[in-house]
Amino acid sequence: MELSSPAKINLWLRILGRRPDGFHEVETRLCKIGIADTVSLELLGTGNSVALTCNVPGIPLDESNLAIKALRAFEQRAGKTHSWRIHLEKRIPSGAGLGGGSSNAAAILRAANELAGQPLELGTLLEIAGSIGADVPCFLLDTPAADGTGRGEQVTPAEFPWKLPLVLIKPAFPIPTPWAYKQWKDSQELPGVLYAPQICPWGEMVNGLERPVFEKYRLLAALKTWLLEQKGVQAALMSGSGSTMFAITRTGAESAALAEAAQQWCGETAWVRATETLV
Ligand SMILES: C[C@](O)(CO)[C@H](O)COP(=O)(O)OP(=O)(O)OC[C@H]1O[C@@H](n2ccc(N)nc2=O)[C@H](O)[C@@H]1O
Ligand SMILES: Nc1ncnc2c1ncn2[C@@H]1O[C@H](COP(=O)(O)OP(=O)(O)OP(=O)(O)O)[C@@H](O)[C@H]1O
């Protein structure tokens, strides 16, 4: 079975405070976008082996891969083990704040449940997804956008009729999510950088993790400032814990032109794509 595994951006990520369990209480809107991996899952038969292949280097192929974690968690709940083959055709960069690994995990949960004859209902799949990571459950909903609370794993479908032209820019460095959250409490805003919510027809765009991340990665702060000065840009924000910055333009032509200018500004080592939110 082959499934598309889309990336996400966070149109807002408000951090409300640290919880006793060490996670942070958040309010976030996650929107799927037109950049996706392809996840293939094949049921091989009896046994409990998982053969994982991937088209790009640098992605773990052992039990730490979120796709394998999802398969193990599914089988534990469904009460049966099999041998499987997984292939990940990656297009979503890692450490990007785009939820690539989380999206792959959700695709595996969907496919495994299908191939095993749908032993688990959506509520149970959502529970398993939440135990794998805060970003996993949103990809199990069929809506293009979802609102997350709690750790971000309590998701509800969100009305999102906008097909927004986007430019994604990921500099060559990744940012580990745990580090970004750990730095949040004691971090300070940089002078002259916009952190305040950007009021848009689709909501107030803001990301509480910009404060810790920009303190260390000044390039991202400069990139946000530069994006906000470009023609046609309606808003610019970091996605998730970064390192991807995204800008929303008014038209597809503006996002294509901005992608070219951004590649020039950041240099060849940056990953730059023009795409749009899914409707
Ligand atoms: C930054 C976002 O990606 C925005 O969508 C999410 O909040 C994080 O989602 P994720 O990458 O799936 O994160 P998880 O794998 O659940 O957690 C990774 C680590 O980030 C920190 N973490 C994550 C979510 C949260 N609400 N508070 C946290 O403090 C914890 O140290 C956790 O161990
Ligand atoms: N299937 C996978 N695809 C990509 N990375 C994976 C996968 N499984 C495990 N990983 C590891 O998990 C790390 C985080 O995964 P990924 O980068 O896809 O999440 P992310 O883009 O940081 O998402 P977010 O920051 O929004 O939570 C990667 O750096 C990689 O080492």
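Everything numeric here is computed off the predicted structure, so don't read it as measured data.

### Some remarks on the UniProt feature "binding site: ATP" (unreviewed entry) in the protein chain
Phase 1 of the analysis: As recorded in UniProt, the feature "binding site: ATP" (unreviewed entry) lies at Pro93, Ser94, Gly95, Ala96, Gly97, Leu98, Gly99, Gly100, Gly101, Ser102 and Ser103.
Phase 2 of the analysis: Structurally, Pro93 is set in the loop between strand S4 (83-89) and helix H2 (100-115).
Phase 3 of the analysis: The residues contacting Pro93, other than those within four sequence positions of it, are Leu98, Lys170 and Trp271.
Phase 4 of the analysis: Mapped onto the elements, Gly100 comes out in helix H2.
Phase 5 of the analysis: In this structure Gly100 touches Asp37, Lys90 and Ile92, once residues within four positions along its chain are discounted.

### As for the site of ligand 1
Phase 1 of the analysis: Ligand 1 sits among 17 residues. The nearest are His24, Ala134, Asp135, Arg151 and Tyr181.
Phase 2 of the analysis: Lys8 is positioned such that a nitrogen or oxygen atom in its side chain is 3.4 Å from an oxygen atom of ligand 1.
Phase 3 of the analysis: In the model, a nitrogen atom of ligand 1 is placed 2.8 Å from a nitrogen or oxygen of the Arg151 main chain.
Phase 4 of the analysis: Calculation on ligand 1 without its partners gives an accessible area of 640 Å², and the protein chains cover 81% of this total.
Phase 5 of the analysis: Secondary structure elements with two or more residues in the shell around ligand 1: strand S1 (2-18), strand S2 (24-45) and helix H4 (177-184).
Phase 6 of the analysis: Classifying every residue of the shell around ligand 1 gives six nonpolar, eight polar and three charged.
Phase 7 of the analysis: Each of two domains, domain 1 (2-157) and domain 2 (165-276), supplies a minimum of three residues to the shell around ligand 1.

What counts as what
Residues numbered from 1 in each chain as written. Chains lettered and ligands numbered in written order. Predicted model: local features only at pLDDT ≥ 70, side-chain atom pairs only at ≥ 80, totals over all residues. Heavy atoms only, no water. UniProt positions renumbered as here; feature names shortened; annotations may be inferred. Helix = DSSP H or I, 4+ residues; strand = E, 2+ residues; numbered from the N terminus. Contact = heavy atoms within 4.5 Å. Near = heavy atom within 4 Å. Polar contact = N/O pair within 3.5 Å; in protein donor to acceptor, adjacent residues only side chain to side chain. Areas by Shrake-Rupley, 256 points an atom, 1.4 Å probe, with all protein chains shown as cover. Nonpolar A, V, L, I, M, F, W, Y, C, P; charged D, E, K, R; others polar. Domains from an automatic or database assignment.

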